[in-house]
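So you can see what is in the structure, the chains are spelled out below.
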Amino acid sequence: MIKLEKKMYDSIKDKYVRNITEQIKENYNKQKKKISDKKYFDQIQVKDFVETSGEFDDEKIRKLLLLDFSEINNSYFKNYLEIAYICYDNEKKEKILTEIKDDETLIRREDYCKKIIDYFNNDWVKNFLLKDNVCYKDDKKAKSRISEIKEVYSILRDKVKKEFDEFNEEIKKLIDYKLIKSDLRHEIIVSSNISICPYCNRQYISNYKKNKKTKKTTADLDHFYPKSIFQLFSLSLYNFTPACQICNRYFKGKNIKKILYPFEKEFGIDAKFGINVYDMDACYGLSDHFDIDIDINDESSNKEEIINSIDVFNLESIYQNHKTYVQEILQKKELIYTDTYLEMMNNTFNELNFTKEQIDTFYYGFNINFISNFRLSA
Ligand SMILES: [Zn+2]
């Protein structure tokens, strides 16, 4: 996975904010009377995201459209994001259920309920769920402790989910991805100057001219936080990752596993290509009896997100298609480039002030720092 620079949207961001703010404002003026006054989670109204003292607030919209997801300070956005994970992250659900099941200090239904709410760890949800003690009342005997815990969990999560989905439906009336017209979408991707998909680092993103004026692109605009769940962020510019269609549509889709946020993090040297060889010929690139895999640095602070990124985009599996290329690198490295040849060439490169990366790219086509040693398989 490749890191994206926020400045890649610099040339488009003002135009984007102007265009989209105008349309949200139009929606707002049309729908003003229809927007619900309900306080979701007993805390927040949809209007709070778009207006101040009863007036449409352009500045609030600008902040939402240019929201920096690597550093969310606004408690509204933070709470919204957390609740989406409470509702839709099934791995989080399994983790909570297992931990509560294993906690023998919890005896009564009321205890499970409180503990689950603690795990949700969200201010809006906490007050909302504790208000009517929904789970305490039902004292029917469950078949087993685990089924009892599961039931309590379902009741709580369903209640949050129902509220969150309703909240999203209301937000959709004002803030929706449909406001981005196709030409603007192409313009965003073209202006980003991305030439390769940042998720898989293998599919090219190509721009082409549809007619003399308009430039189009082959890429999709992926929503890092899927728009079908994170309605509020469906128009936020730094939620958009230009990506190939395979990564966006077939692999990522609505998946909300925690992967690396490309505007903040990348694999870098924490994930390197390695190979498992099954015969000696493979060590020299003379046979294809090897597998390509990705070695992850155990010490990396991003380890979990790296594992998830590899998993979501099926990276190990799709990279098996590049064995011929790996064989070529191995042949060059192990057989063709002799020490004398390398020494002679390095002298020339030194005179040209080439960096180590530039030299590797000349020899192998890319920076071989991203390759770890190959291993012999048992
Ligand atoms: Zn891709």
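How each quantity is defined
- Residues numbered from 1 in each chain as written.
- Predicted model: local features only at pLDDT ≥ 70, side-chain atom pairs only at ≥ 80, totals over all residues.
- Helix = DSSP H or I, 4+ residues; strand = E, 2+ residues; numbered from the N terminus.
- Buried ≥ 20, exposed ≤ 12 C-beta atoms within 10 Å, placed from the backbone.
- Contact = placed C-beta atoms within 7 Å.
- Core = buried A, V, L, I, M, F, W, Y, C linked by C-beta atoms within 7 Å.
- Domains from an automatic or database assignment.
- Nonpolar A, V, L, I, M, F, W, Y, C, P; charged D, E, K, R; others polar.
- pLDDT = per-residue confidence, 0-100.

## A short note on the overall build of the protein chain
In terms of regular secondary structure, the protein chain is built from 15 helices and nine strands. Counting over 378 residues, the protein chain shows a buried share of 26%.

## Considerations on the environment of isoleucine 24
With respect to the helices and strands, the residue isoleucine 24 is situated in helix 1 (residues 10-31). Sequence spacing of isoleucine 24 and asparagine 207 is 183 residues, and the spatial spacing of their C-alpha atoms is 29 Å. The contacts of isoleucine 24, once residues within four sequence positions are left out, are Val50, Ile61, Leu174, Ile175 and Leu179.

## Details of the nonpolar core
Grouped together as the largest cluster of nonpolar side chains are 75 residues, with contacts concentrated most on Ile83, Ile116 and Val125. Per-element tally for this core: the top contributor is helix 7 (residues 145-172), with seven residues. Taken together, domain 1 (1-264) and domain 2 (268-376) each give at least three residues to this core, which thus spans both. Those residues within four positions of valine 125 in sequence are excluded, and the remaining contacts are Phe41, Ile83, Ile86, Phe120 and Val160.

## Brief notes about the domain arrangement of the protein chain
For the protein chain, the domain assignment lists domain 1 (1-264) and domain 2 (268-376). On a C-alpha basis, the centroid separation for the pair domain 1 and domain 2 is 37 Å. Listed by partner, the interface residues are 11 residues for domain 1 and 11 residues for domain 2. Residue composition of the side of domain 1 that touches domain 2, by class: seven nonpolar, one polar and three charged.

## Observations concerning the confidence of the model for the protein chain
The pLDDT averaged across the protein chain works out to 90; a share of 94% of its residues lies at or above 70. Of all secondary-structure elements in the protein chain, the lowest mean pLDDT belongs to strand 9 (residues 375-376), at 58, while helix 2 (residues 58-65) reaches the highest, 97.

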